[in-house]
Every structure is written in structure tokens, then in C-alpha cells.
Amino acid sequence: MGENKRGAGLTRQMMIDTALRLLDEVGLDGLTVRKLASELGVQSPALYWHLRNKQELLDGMADAIVLAAGMGPPRDGESWQDWLARRAHAYRDSLLAHRDGARLVANAASLSPATVRMFDEELTAMVGRGFTPALALRTITALTRYVNGCVLQEQTERQAESSGTPTDRLAGLAGLLDGGMESTLIAALRESGGSFGEDAFEHGLQALIDGTATALARAV
């Protein structure tokens, strides 16, 4: 019975993988330690032999999502601009691969030493391409927050739409205008296809990269 409580054969990675699968099924609000223990076929106390608390579990899940994006410095011959774009797309895909992925990562309290080392390698590579350490850090931070924000909005809107509650705020504002009245906002929504989408994401990403190029030129 003692072995059952401790979860014979149970590993930290097994718990994280199972928790990520449960996340896709029940969402972040529905993910509980009790539900995870039941899925693993153990009692709840068995999980705490491998993780101190639920936040450590959530941090491990967030870390797995970040690592799945394929962190690392630019490839041989790859410009920093192309690398930043590739990194942003890969990170976005990794967040979108899991329900509430952006909210989970945004609320992480810590990342693993392996992830921190990989991040340091990225910053070192940027410094080798002319960035100051501070500009490299600010660039990656801005990019990460941009992707997190975009995916958070996208996942929130998807969940709202699945429950029959659209949340396109700009479209809602346009609806407040007098019926049949033309406006720049309505024209913009018609031309862009809405306030969010692939084109909107690419526009913001390119603006960040172009802005970084300007900041880098000033730093030289």
C-alpha cells in the first residue's frame, strides 16, 4: 500500500506529459492534482514525492511547452531577422498546440536550468551579431510577450466562440456605430478581415523586427 501511495514507477516527466494531455481535455481551470492522480492511477499524495506543489507542476508543463518550440541560437548563415521570425512562429505554434497554453506559460513562476541555459545561448549569439546584452534581452522579452499576448487573445476568442460568445472587441465597437453608417473602423475591419489573424500577427512581428533593426543601428 505504501508503494501505491508513492506511485511505483511514477516519474516527474510522466506526470508532466499526462498533465499536458489533461490540459487539452479540461483546460487550465479544470486541471487539479486530484484529477491528475486519478488519471495516473495513484493517490494524490503520491504526486508530492516528485513535485512539491501544484505550481511546480504547472511550471514543468510551461517549461515543456517552451522547450517544444525548439529554442536555440540562429543556424549557420541565418540572419538574426530570419531567426527571430522563425523563433516567433515556432513559439506561437507550441503555445497553440495546447489549450490555455499561453495562459499557462505567462503565469509560470520559474523555468528549468536547461531552458535558462538555452536562453543564455540565444543571447550570446545575438551579442555575437552586434547586440548589446541589454538589447538582446529586451528584444527576446518583447518578442515573447508579443507572441504570448497574441495567442492568449486567440485562445480566449476560440473558447468564447465555441461557447457561443464571440469576443472580437473591435467588431463589437463597430457595431455600436449607427446602422449603415460608413466609418474608418468599419472600412479597416472589412479590409483586414478582422482584428486578429495571420496577417495581423505577421504585421506586428515584422514591426518588432524592423524596430529592433533601428535600435541596433543606434547602438552601433
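Residues numbered from 1 in each chain as written. Predicted model: local features only at pLDDT ≥ 70, side-chain atom pairs only at ≥ 80, totals over all residues. Heavy atoms only, no water.

### Quick word on the pattern of salt bridges
Counted by the stated rule, this structure contains 10 salt bridges. Salt-bridge contacts for Glu-122 lead to Arg-87; the nearest nitrogen and oxygen are separated by 2.8 Å. Of this pair, Glu-122 sits in helix 8 (residues 113–127) while Arg-87 sits in helix 6 (residues 80–96), and the two are 35 residues apart along the sequence. Classification of Glu-122 by relative accessible area gives buried; the value is 0%. A salt bridge links Glu-154 to Arg-158; the nearest nitrogen and oxygen atoms lie 2.9 Å apart. (Salt bridge = Lys/Arg side-chain N within 4 Å of Asp/Glu carboxyl O. Helix = DSSP H or I, 4+ residues; strand = E, 2+ residues; numbered from the N terminus. Buried < 20%, exposed > 50% of the residue type's maximum accessible area, 1.4 Å probe, protein only.)

### Observations regarding the packing of aromatic side chains
This model, assessed by the stated rule, comprises two aromatic pairs. For the pair Trp-80 and Phe-131, a centre-to-centre distance of 5.2 Å together with 90° between the ring planes defines the contact as edge-to-face. A residue pair is termed long-range when its members are at least 10 positions apart, and Trp-80 in helix 6 and Phe-131 in the loop between helix 8 and helix 9 (133–162) qualify at 51 residues. Across this residue pair, the class does not change: Trp-80 and Phe-131 are buried. Seen in terms of ring centroids, Tyr-146 and Phe-201 are 5.5 Å apart; in terms of plane orientation they differ by 20°. Their pairing is stacked. Of the two residues, Tyr-146 is situated in helix 9 and Phe-201 in helix 12 (residues 198–219); the sequence distance between them amounts to 55 residues. Against the face of Phe-201 rests Arg-92, its NZ or CZ located 4.6 Å from the ring centre. (Phe/Tyr/Trp six-rings, centres within 6.5 Å; stacked < 30°, edge-to-face > 60°. Lys NZ or Arg CZ within 6 Å of the ring centre and 35° of its normal.)

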